[in-house]
Amino acid sequence: MHRKKYNVAILGATGAVGSELMSLLIERDFPVADLKLLASPKSTGKTLSFNGQDLVIAPVTPESFNGIDIVLASAGASVSKEWAAIAVSKGAVVIDNSSAFRQDPKVPLVVPEVNPQALDHHQGIIANPNCTTILMNLAVYPLHKMKPVKRIVAATYQSVSGAGARAMDELIEQSQAILNNQEPKAEILPYPIGFNLFLHNSPMDDQGYCAEEMKMVNETRKIFDYPDIQITATCVRVPVLRAHSEAINIEFSEPFSIVTAKELLSKAPGVELIEDWSRQYFPMPIAASGKDNVLVGRIRQDISHPNCIELWLCGDQIRKGAALNAVQIAEVLIDRNLI
Ligand code: NAP
């Protein structure tokens, strides 16, 4: 049967998420008719290779979206705010990786394994959730479906690639500088990250929470369609190149069997259970890098509370936390004739 193909634009093609989007379109045999690569004016005229072809990067103009069916946007919130409505007015569906529209009640915020039904009434813009939130939701939702979660206490260990492609270069340069007894230069991240860590530097609110932490709270409530869930988080940037890690404590209204939790997570879509207690082998960022699934392990009873369980996870936040989730959303839209 002839498969319909779609004209796709990647807005932010030169970035960490943009380059992963390009790889995923090929890997997943996404039905691309034409691919348009858009980035900032400083990348205009450079080329990137896609499926054996060198594609020239263009700056964004209203005409960029003529004839485009799907925009995969990953150029930051201000760029999305500027261009998403224009792309929609030209007939495109925009799947946006930035935080620009995530809390807009008209915009679905979707993790396909959790709430694909939210796509049914989309109005052109679909928001991809925050990366840390997507990874946590994949591990928590299968348990929440069985017994509603009352409260989550999370601590995150977030890789530098979460701050973009140039932050990865900065970690490498700083590490080399320190090993050569030179002063590390911090230009992208606010403080030296080589051989260091610091609290996530997104803007702080009056309660003392940073925006990244509040994304985990507010986005999970919207994705689960469950405003009662209580969440507190501490987000930390660590000197890891790729893949975020999270320690998650989950409280229910009554005890939750560890055996059941492991059974549920061993079958959950997008999750891989990794536990070898004899070798103390549990999820690690290097094992999660480049993988589609979030790796979950060390599931155990919280000895301090009968209704709580503890787990640990690692997930490639450029992939499932951003690019893969966006491509999966596009695949659901196609499967359900929503585009
Ligand atoms: P990045 O590596 O810094 O890439 C940013 C991209 O945006 C580059 O292609 C850049 O083009 C482009 N851009 C910047 N200003 C632009 C403008 N005025 N017009 C058009 N394009 C412009 O960032 P990233 O990590 O890929 O993140 C991109 C978005 O995804 C952000 O909203 C981020 O919050 C979100 N996100 C990132 C991750 C992650 O793990 N990295 C995870 C989830 C969500 P030039 O190269 O020409 O400057």
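The residue numbering used here restarts from 1 in each chain and proceeds along that chain's sequence as written. Whole-chain, interface and lining totals are the exception, using all residues; otherwise, since this is a predicted model, local features are given only for residues with pLDDT of at least 70 and side-chain atom pairs are given and counted only at 80 or more. Based on all heavy atoms of the structure, the side-chain values leave hydrogens and waters out of the count.

1. Some thoughts on the overall build of the protein chain
A count of helices and strands for the protein chain gives eight helices and 14 strands. Per-residue burial over the protein chain gives 51% buried out of 339 residues. Whether two residues are in contact is decided by their heavy atoms: any pair within 4.5 Å suffices. A separation of at least 24 residues holds for 67% of the contacts in the protein chain among residues at least 6 apart in sequence. Residue exposure ignores everything except the shown protein chains as possible cover, and the areas themselves are Shrake-Rupley values with a 1.4 Å probe. Carbon and sulfur atoms provide 52% of the accessible area of the protein chain, an area that totals close to 15500 Å². Labels follow the DSSP assignment, with helices taken as runs of H or I lasting at least four residues and strands as runs of E lasting at least two, numbered in each case from the N terminus. Residue exposure (1.4 Å probe, protein chains only): buried if accessible area is under 20% of the type maximum, exposed if over 50%, otherwise partly exposed.

2. Some details on unusual backbone geometry
Keep in mind that most residues, glycine aside, have a negative phi and that most peptide bonds are trans. Not every positive phi belongs to a glycine, and N51 is a case in point at roughly 55 degrees. Its place among the elements puts N51 in the loop between β3 (47–50) and β4 (53–59).

3. Some points on the domain arrangement of the protein chain
Here the bounds of each domain stem from an automatic or database domain assignment. Considered domain by domain, the protein chain is made up of domain 1 (6–129 + 322–335) and domain 2 (133–317). Computed from C-alpha atoms alone, the centre-to-centre distance between domain 1 and domain 2 is 25 Å. Each partner contributes to the interface: domain 1 provides 19 residues, whereas domain 2 provides 17 residues. Summed over both sides, the interface of domain 1 with domain 2 buries roughly 1500 Å², with 61% coming from carbon and sulfur. Two parts placed together each lose some accessible area under a 1.4 Å probe, and the buried area is that loss summed for both.

4. Brief notes about the environment of K291
With respect to the helices and strands, K291 occurs in the loop between α7 (285–288) and β13 (294–301). Residue classification places K291 among the partly exposed positions, given a relative accessible area of 34%. On a C-alpha basis, the gap between K291 and T61 in space is 35 Å, while along the polypeptide they are 230 residues apart. Those residues within four positions of K291 in sequence are excluded, and the remaining contacts are E272, D316 and R319. A distance of 3.1 Å separates a polar atom in the side chain of K291 from the backbone oxygen of A287. Polar contact criterion, stated in full: a pair of N or O atoms within 3.5 Å, where within protein one must be able to donate a hydrogen and the other to accept it, and residues adjacent in sequence count only if both atoms are side-chain atoms.

5. Some points on the site of the ligand
Whether a residue is near a molecule or strand depends on its heavy atoms: it is near if one of them lies within 4 Å of it. Taken together, 26 residues are adjacent to the ligand, and T14, V17, S40, K42 and S43 come closest. Contacts to the ligand include K42, whose side-chain N or O atom sits 2.8 Å from an oxygen atom. With respect to the ligand, the backbone of S161 contributes an N or O atom lying 2.8 Å from a nitrogen atom. For the ligand, whose accessible area on its own is 900 Å², the fraction buried by protein is 76%. Of all the secondary-structure elements, those providing two or more residues to the shell around the ligand are α1 (16–27) and α8 (319–335). Residues that form the shell around the ligand fall into these classes: eleven nonpolar, 14 polar and one charged. Structurally, the shell around the ligand is a two-domain feature, drawing no fewer than three residues from each of domain 1 (6–129 + 322–335) and domain 2 (133–317). Think of it as three bins: nonpolar holds Ala, Val, Leu, Ile, Met, Phe, Trp, Tyr, Cys and Pro, charged holds Asp, Glu, Lys and Arg, and polar takes everything else, Gly as well.

6. Here we look at the pairing of strand β1 (residues 6–11)
Walk down a regular strand and you will see the side chains alternate between the two sheet faces. Among the six residues of β1, five are classified as buried, and the element is accordingly described as predominantly covered. As paired strands, β1 and strand β2 (residues 32–39) are joined by five bridges and run parallel to one another. Along β2, the bridge assignment pairs A9 with K36. Looking down the strands as they point away from you, a crossover is right-handed if its path from the first strand over the helix to the second goes clockwise. The parallel pair β1 and β2 is bridged by α1, and the resulting crossover is right-handed. The pairing criterion is simple: DSSP has to find at least two bridges between the two strands.

7. Points about the pairing of β4
Both β2 and β4 contribute to a ladder of three bridges, which runs parallel. Directly across from A39, in β4, lies its bridge partner P59. Hairpin remark: β3 followed by β4, antiparallel, with two residues in the connecting loop; positive phi at N51, about 55 degrees.

8. Topic: the packing of helix α3 (residues 131–146) against helix α6 (residues 258–267)
Angles shown run from 0 to 180 degrees and are taken between the N-to-C directions of axes, each axis being a line fitted to C-alpha atoms and, for helices, limited to the stretch in contact. Relative orientation of the contacting elements α3 and α6 amounts to 120 degrees, with a least axis distance of 9 Å. In terms of their interaxial angle, α3 and α6 are classed as oblique. α3 and α6 meet at a crossing whose hand is right-handed. For the pair α3 and α6, contact is made by A139, P142, L143 and M146 and by T260, A261, L264 and L265, respectively. Looking at the contact of α3 with α6 residue by residue, the classes come out as seven nonpolar, one polar and no charged. Roughly parallel refers to an angle under 35 degrees, roughly antiparallel to one over 145, roughly perpendicular to one between 65 and 115, and oblique to any angle outside these ranges. Helix crossings are classified by the rotation of the near helix relative to the far one: an anticlockwise turn of less than a right angle makes the crossing left-handed, while a clockwise turn makes it right-handed.

9. Here we look at the sheet that holds strand β14 (residues 308–315)
One open sheet holds the seven strands; their spatial order is β9-β10-β8-β11-β14-β13-β12, and the pairing between them is mixed. Each edge of the sheet is formed by a strand with only one pairing partner; in this case those strands are β9 (198–199) and β12 (271–273). As judged from the eight bridges shared by strand β11 (residues 244–252) and β14, these two strands associate in the antiparallel manner. When the sheet's bridge partners are listed, E246 is paired in β14 with L313. Where α3 meets the sheet, it contacts β8 (149–158), β10 (230–237), β11, β12, β13 and β14, and its direction lies at approximately 35 degrees from that of β11. Each of β12, β13 and β14 touches α6; the most contacted strand, β13, lies at about 175 degrees to it.

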